Amino acid sequence: QVQLVESGGGSVQAGGSLKLSCAASGSTYSLHYMGWFRQAPGKEREGVACIYSTGGATYYADSVKGRFTISQDNAKNTVYLQMNSLKPEDTAMYYCAAGDSRYSIPLRGTAYKYWGQGTQVTVSS
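Position numbers for residues start from 1 in each chain and track the written sequence from start to end. Two thresholds apply to this predicted model, a pLDDT of at least 70 for residue-level local features and 80 or more for giving and counting side-chain atom pairs, whereas whole-chain, interface and lining totals are computed over all residues. Neither water nor hydrogens contribute to the side-chain values; these are computed over all heavy atoms in the structure.

### So, the environment of F68
We count it as follows: Under the DSSP-based scheme used, a helix requires at least four consecutive residues in state H or I and a strand at least two consecutive residues in state E, with every element numbered from the N terminus. Relative accessibility thresholds used throughout: buried, under 20% of the residue-type maximum; exposed, over 50%; partly exposed, between the two (1.4 Å probe, protein chains only). Residues count as neighbours in contact if any of their non-hydrogen atoms are within 4.5 Å of one another.
Among the structural elements, F68 can be located in strand β7 (residues 68-73). Look at F68 and you get buried, because its relative accessible area is 3%. Spatially, the C-alpha atom of F68 lies 16 Å from that of Y52, the residues being 16 residues apart in sequence. Among residues more than four places away in sequence, those in contact with F68 are R38, V48, Y60, L81, Q82, M83, N84, L86, D90 and Y94.

### Re unusual backbone geometry
With a phi angle near 50 degrees, S85 is a residue other than glycine that sits in the positive phi range. Looking at the secondary structure, you find S85 in the loop between β8 (78-83) and β9 (92-99). Unusually for a residue other than glycine, L107 sits at a positive phi of about 70 degrees. Considering the arrangement of structural elements, one finds L107 in the loop between β9 and β10 (114-115).

### So, the pattern of salt bridges
Inclusion rule: Think of a salt bridge as a Lys or Arg side-chain nitrogen and an Asp or Glu carboxyl oxygen that are within 4 Å of each other.
Enumeration according to the criterion identifies 5 salt bridges in this entry. In this structure, the salt-bridge partner of D90 is R38, at a minimum N-O distance of 2.9 Å. You can see D90 sitting in the loop between β8 and β9 and its partner R38 sitting in strand β4 (residues 33-39), a full 52 residues away along the chain. Each of the two residues, D90 as well as R38, counts as buried.

### Topic: the sheet that holds strand β1 (residues 2-7)
As a reminder, the rule being used: Being paired, for any two strands, means DSSP has found at least two bridges between them. The convention used is that axes are lines fitted to C-alpha atoms, helices contributing only their stretch in contact, and that angles between N-to-C directions extend from 0 to 180 degrees.
Read across the open sheet, the 4 strands follow the order β1-β3-β8-β7; overall the sheet is antiparallel. Of all strands in the sheet, those with a lone pairing partner are β1 and β7, marking the two edges. Along the sheet, successive strands turn relative to each other by an average axial angle of 20 degrees, direction set aside. Pairing of β7 with β8 involves 6 bridges; the strand directions are antiparallel. In the strand pairing of β8, F68 is matched with M83.

### Focus on the state of the cysteines
Where we set the bar: The criterion for a disulfide is a pair of cysteine sulfur atoms lying within 2.5 Å.
What the rule picks out here adds up to 1 disulfide. A sulfur-sulfur distance of 2.1 Å marks the disulfide that ties C22 to C96. Across the disulfide from C22 to C96, rotation about the S-S bond amounts to roughly -85 degrees, and the bridge is consequently left-handed. One end of the pair, C22, is in strand β3 (residues 18-26); the other, C96, is in strand β9, with 74 residues separating them in the sequence. With respect to class, C22 is no different from C96; both count as buried. The cysteine C50 is free of any disulfide, with C96 supplying the nearest cysteine sulfur at 12 Å.

Here is the structure:
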């Protein structure tokens, strides 16, 4: 009932910035939180950041704290991920996700019911 469309991925040099966008459509009234995950070759999927639609509480992985910022525009049903001071180790496929549980554990992948197609982020040194 919810579709997620991502944009903004690409290639950037170390120290640069990118901003990812994820637009949700469908039964968006049911969503309680949205987040970003990433997975690099040979590594486990990692929860990067999430935001709760009501109140706007945010959570971040330790690896991106101070560099990444998640935000939302509820009127547009869109979530953003501003990525600054990018490092080569940030290179990964990034996925937008959304969930409709009343209660959840932040950045736990199983709590997210809907997933986007993924967008590649490549950071070169």
